[in-house]
Every structure is written in C-alpha cells, then in structure tokens.
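So the chains spell out like this:
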Amino acid sequence: MSLDETTKNYDALVVGWGKAGKTIAQKLALRGQKVALVEASPAMYGGTCINIACVPTKKLIVEVEQALAAKAREAEASSDAAIFAGAQKARNALIEKLNNANYHMVADKGVDIYDGTGEFVGPKTVRVNGEQGTWLLTADTIIINTGARPVVPPIPGVDSKRVVDSTGIQFLPTLPGRLAVVGGGPIGLEYADMFAQLGVEVTVIDAAPVPFTRFDADVASVATDILVKHGVQFVNGAKVASFVESGDGVVVNYSLATPAGEMENQELAVDYVLLAIGRRPATDGLGLETAGIATGARGEVVVDEFCRTNVPGVFAVGDVNGGPQFTYISFDDHRVVMDQLVGSGKRSTAGRIIPTSTFINPPLSTVGLGEQAAREAGYEVRVASKPVAAIAAMPRPKIVGNPDGVIKFVIDAATDRILGASLLVIDSQELINLVALAIKQGLTAADLAGAIYTHPSSSEAFNEVLA
C-alpha cells in the first residue's frame, strides 16, 4: 500500500511489533477497527522473541545439541566449527520464515504497517519517521510495545567489535576458541553452556558471589557442577574494569576479592566477550515526556495492574512496562488490554504465577517460592527433593542419555499446598507449566503425587518425588 505524508486517524495504534502488540492489532482489526502498527525495522517483524531472542537462541541450542549427539554416534563427524556454522544457517532460515509469516499475520488482517521510528508529539499523536516519509498518526487507543534492549555499561572498551551482545553472539563469523561471558543471568548461562559443549574455552565473569545466585543454593550447586562438567569456568565476585583489543582478540581486565578482602587485578585474554548483564525497557526517543506519560527509574513506562499508563487510552505492554521480560508475559498483557478494550475490564496482572526456564542442558525451570523465601514468608516448609538419576519411577532421562539434575518442591507443611518448585531436568520447560497450574489452582503435593502420568515420561517423577 502507498502511504502519504499526512495525518492519518486510527481507532488503535500499536508502537512496536512485540507479542502483545501484534496480537492486539490483529484482534482489533478483525473486529472491524482501523488499526496501525509501527515498527522501526522490517528485520524485527514479529518482535524481539521471533527475530533475535527466544526462538533463534533456542534454535541454535537445539541444533548444536542434536549435532553433538549425532557426532557422538558417528565414526567420522563434522567439526565443532562446522556444527556451529550449520546451527547458524538453520537459525537464519527459521527466522526468515517466521519474520515473513508474522508480517502476513498482521498485514493480511487489514492492519496498516508503518516502517519507521515512532515518537509521541502529543498524548494521542505519534510521528513516524521512515525512509519512505513522515506520518502523523492519531488514535483513541495507543499501545506501547517497544520491548527492551541490552544494558551497555560505561566500561572502557565496551564498544569494541570483539565485545558483543546477545544478538551479536549469534552472528560470529566463526566458532571462537575462547569466550568470556560477562553476566551470570539466564542469557549468559545459556550461551556459556552451548559454546562450552562445542569445545570453546568459556569463562563466566559475574559480580554475584556464586553462580546461579537467584536459585536455591542446593539446586544452584547441582547446576554449577553440570556446567563445570561441560567445560564452563566461573569467576564470581568480579568487577570488570575494561576491555582492551589485542591482536585478534580482546583482554578482559577485572578485579577480584582475595581471601584477605583486598581487590586484586586480573586479566583474561579471549577471542570474544559476550556482554549479558541484563536488558532495560526501550523507551529512548519515544517522546513520552511530550505526551505526559510517566516513566520509572529504569526508563520503564509506568502502568497499573491493567497495563494502563497515566494517560487515558494509552497502554504499555511487554518488556517496556518494567514487568518480567518474557514473551508469555507479553502475551498475557495483551489479554489484559483486550479485556479493557472489548471485555469486562476485570482481568489484571495481579497474582500472576510465572514459571521460568533457563535453557542450559538440561534446562532449569522454576516457579513460585524458593525454600529460603518461603521460610522468610512465615511458612512451615516441607522439602521434597531428589537427584534425577535416583528417581526410579522416571526412566526417560536415562533413555535419552541425560540423567543429570535434581527435582525440588517447596511445600506448605500445614496444608500440603505447593509453594514452589525447581526442576533441573530434561523437559522441565514443559513440566514447570503443570506445576504452575497446580499452584494457581491450589492443588496439593498429594494431588500431583497421586495423578496418573504416561510412561515413560518426565512427569512420572512427581509420583516418586512427592510421594
């Protein structure tokens, strides 16, 4: 379609092609509303998850794991570098397909798509600057869905071509021999594990005192042992001072506390550095102050439990509103907003039960309260925990050749209700959703233990661990 340089009026305007935004745009268009969607780059049709985050990263991980498994079975197999290159090719093919599908998913519903950057010039007006022109778009309802971007700290040398973020690491020209991962969160750990299994010398440098610091100590210990077995080295309690390019690599300069409590300077020479210390809401340049839209300390758009900003008719969904940065949270935000726009207006973000998965091998998934948090909340806690290799009722991990891990439940001793769980086991990204549903519905440990599960399956573990 041809778009002129003029003011155009819409019923609804979505700024940013994230999970929530694209879904809202489609649904409102199907209801007969006039809808527009603004996206800064055609390469991001479908949003962050589809193009540079959840899907492509997991595609890389799966391709590498499958290729390594095949390599272990073959007398003559591809090199690790060839495996990495093949994984990149498969990733690129999948993303091209999904990007195109997401475009048609929206365009074919009658949504007008504007390629360009959006900036508020009033409470209900957004200027879009694109290569094909400039447009002023007005709408009664505006959805901000611009996502988040990697945090880039003011460390000398951080702009080196050898220091990459979670997107850049996917497009390395070849498999590195040595990699430093700065940051011990889920993104950094997933890449650390994948590259280590490809034979890369991987060192995770993190400010936290221990690896997997966000998890229960006993679970964190098992997860750490698994990654160490895969070849990952951990340097904790470290503060990075600078990155200095040196030949075909880069030197990471950092300080580390000695047993005497003094800070000792250290350095590590690697081929590349993956900087993965978190992501922050992408609100720079949106002109929120011009529209009078309130923001928080991290730049997030401030919203209430209905995803409403302080400006009537303007909503913020997904990572940009400062909530948990997960695609499925963005999807739930869309349900909240749709209920505000065309439903009863009662659905909210309050009381969410949010499962998470970190895709190391095997994946580590959690939901609800950890053991310490439950005790601090005043519960009398009963813990049900067992190493995966010792769970006789669950042969699946042994069948697929991955018996590492541990399953742990935190239970209210007074009511037998499940307060939380940590599942470090194959298929945990699926199992954790069942546990989350059980918590939401108020089921007891006995309920899960007494259920009938297919065989052989990973869910059979509940029969034994919770017995």
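Above this note sits the structure.
The text that follows walks through the structure, step by step, so that each part is easy to find. Predicted model, so just to flag it, every value in this text is computed and none were measured.

**Structural notes on the pairing of strand β12 (residues 238-246)**
With eight bridges joining them, β12 and strand β13 (residues 249-257) adopt antiparallel strand pairing. In the strand pairing of β13, Phe243 is matched with Val252. Between the end of β12 and the start of β13, which pair antiparallel, lie two residues, with Gly247 showing a positive phi angle near 60°.

**Points about the packing of aromatic side chains**
How two aromatic rings sit relative to each other is given by the distance of their centres and the angle of their planes. Tallying each qualifying case throughout the model produces 10 aromatic pairs. Pairing Phe84 with Phe195 gives two aromatic rings, centres 5.4 Å apart and planes at 55°, and the pair type is tilted. Here Phe84, found in helix α4 (residues 80-107), pairs with Phe195, found in helix α5 (residues 186-197); they are 111 residues apart in sequence, far enough to count as distant. Judged by its relative accessible area of 0%, Phe195 falls in the buried class. Note on Tyr114 and Trp135: the rings are 5.3 Å apart at their centroids and 70° apart in plane angle, and the pair reads as edge-to-face. One end of the pair, Tyr114, is in strand β3 (residues 112-115); the other, Trp135, is in strand β6 (residues 133-144), and 21 residues separate them in sequence. Judged by its relative accessible area of 0%, Tyr114 is buried. Its relative accessible area of 2% is what places Trp135 among the buried residues. Site record: aromatic cluster; members linked through ring pairs are Tyr10, Tyr114 and Trp135. Taking the ring centre of Tyr10 as reference, the NZ or CZ of Lys34 above it sits at 5.1 Å. The side chain of Arg162 reaches across the aromatic face of Tyr272, ending 4.6 Å from its centre.

**Some words on the environment of Ser255**
The topology assignment puts Ser255 in strand β13. A relative accessible area of 12% means that Ser255 is categorised as buried. Here the alpha-carbon distance between Ser255 and Arg308, two residues 53 residues apart in the chain, equals 44 Å. Every residue in contact with Ser255, bar those within four places of it in the chain, is listed here: Gly237, Ala238, Lys239, Met263, Glu264 and Asn265.

**Here we look at the side chain of Lys408**
Note on placement: Lys408 falls in strand β21 (residues 406-412). The exposure class of Lys408 is buried, given its relative accessible area of 1%. A polar side-chain atom of Lys408 sits 2.9 Å from a polar atom in the side chain of Asp216. Excluding residues that lie within four positions of it along the chain, Lys408 makes contacts with Asp216, Asp218, Val219, Glu371, Val383, Ala384, Ser385, Gly420, Ala421 and Ser422.

**Thoughts on the pattern of salt bridges**
Across all of its chains, the model carries 19 salt bridges by this definition. In this structure, the salt-bridge partner of Arg352 is Asp332, at a minimum N-O distance of 2.8 Å. Of this pair, Arg352 sits in the loop between α8 (327-342) and β18 (356-358) while Asp332 is found in helix α8, placing the two residues 20 residues apart along the sequence. Of the residues examined, Arg352 reaches a relative accessible area of 24% and is grouped as partly exposed. Note that Asp427 is salt-bridged to Arg396, the shortest N-O span being 2.5 Å. In this pair, Asp427 sits in the loop between β22 (418-424) and α11 (428-440) while Arg396 sits in helix α10 (residues 396-399), placing the two residues 31 residues apart along the sequence. Arg396 gets classed as partly exposed once you look at its relative accessible area, which sits at 28%.

**Some details on the sheet that holds strand β10 (residues 201-206)**
In spatial order, the strands read β8-β15-β9-β10-β11; together these five strands make up an open sheet with parallel pairing. Two strands close off the open sheet at either side, each with one partner strand: β8 (163-164) and β11 (232-236). Sheet analysis places strand β9 (residues 178-182) next to β10, joined by five bridges and oriented parallel. If you follow Val182 over to β10, its bridge partner there is Ile205.

**Focus on the sheet that holds strand β19 (residues 364-368)**
Strand order in the open sheet formed by five strands is β18-β19-β22-β21-β20, and the pairing between neighbours is antiparallel. Edge strands, defined here as strands with exactly one partner in the open sheet, are β18 and β20 (381-387). Strand-to-strand, the axes of this sheet are offset by a mean angle of 10°, without reference to chain direction. As defined by bridge partners, β18 adjoins β19 across three bridges and the pair is classed as antiparallel. What sits directly across from Ser357, in β19, is Ser365. Docked against the sheet, α11 engages β18, β19, β21 and β22, running at close to 180° with respect to β22.

**Some details on the nonpolar core**
Counting 38 residues, the largest nonpolar core has Phe195 and Phe212 as its most contacted members. Residue assignment for this core shows that the elements contributing at least two residues are α3 (54-73), α4, β9, α5, β10, α6 (217-230) and β15 (272-275). Broken down by element, the residue count for this core peaks at six residues, all from α5. Aside from chain neighbours lying at most four places away, what touches Phe195 is Phe84, Ile169, Leu175, Pro176, Leu179, Val200 and Val202.

**As for the side chain of Asp216**
For Asp216, the position within the fold is in the loop between β10 and α6. Overall, the relative accessible area of 13% leaves Asp216 in the buried class. Ignoring sequence-local partners within four residues, the contact set of Asp216 consists of Gly370, Glu371, Gln372, Lys408 and Val410.

**As for unusual backbone geometry**
Following Asn361, the chain continues to Pro362 via a peptide bond in cis, the omega torsion being 5°. With respect to the helices and strands, the residue Pro362 is situated in the loop between β18 and β19. In this structure, Pro456 follows His455 across a cis peptide bond, with omega equal to -5°. For Pro456, the position within the fold is in the loop between α12 (445-449) and α13 (461-465). Notably, Phe212 is not glycine yet its phi reads approximately 55°, a positive angle. As for its placement among the helices and strands, Phe212 is situated in the loop between β10 and α6. The residue Asp416 is not glycine, and still its phi comes out positive at about 70°. Along the chain, the position of Asp416 falls in the loop between β21 and β22.

The rules behind these values
- Residues numbered from 1 in each chain as written.
- Predicted model: local features only at pLDDT ≥ 70, side-chain atom pairs only at ≥ 80, totals over all residues.
- Heavy atoms only, no water.
- Pairing = 2+ DSSP bridges.
- Helix = DSSP H or I, 4+ residues; strand = E, 2+ residues; numbered from the N terminus.
- Phe/Tyr/Trp six-rings, centres within 6.5 Å; stacked < 30°, edge-to-face > 60°.
- Buried < 20%, exposed > 50% of the residue type's maximum accessible area, 1.4 Å probe, protein only.
- Lys NZ or Arg CZ within 6 Å of the ring centre and 35° of its normal.
- Contact = heavy atoms within 4.5 Å.
- Polar contact = N/O pair within 3.5 Å; in protein donor to acceptor, adjacent residues only side chain to side chain.
- Salt bridge = Lys/Arg side-chain N within 4 Å of Asp/Glu carboxyl O.
- Axes fitted to C-alpha atoms, helices over the stretch in contact; angles between N-to-C directions.
- Core = buried A, V, L, I, M, F, W, Y, C linked by side-chain atoms within 4.5 Å.

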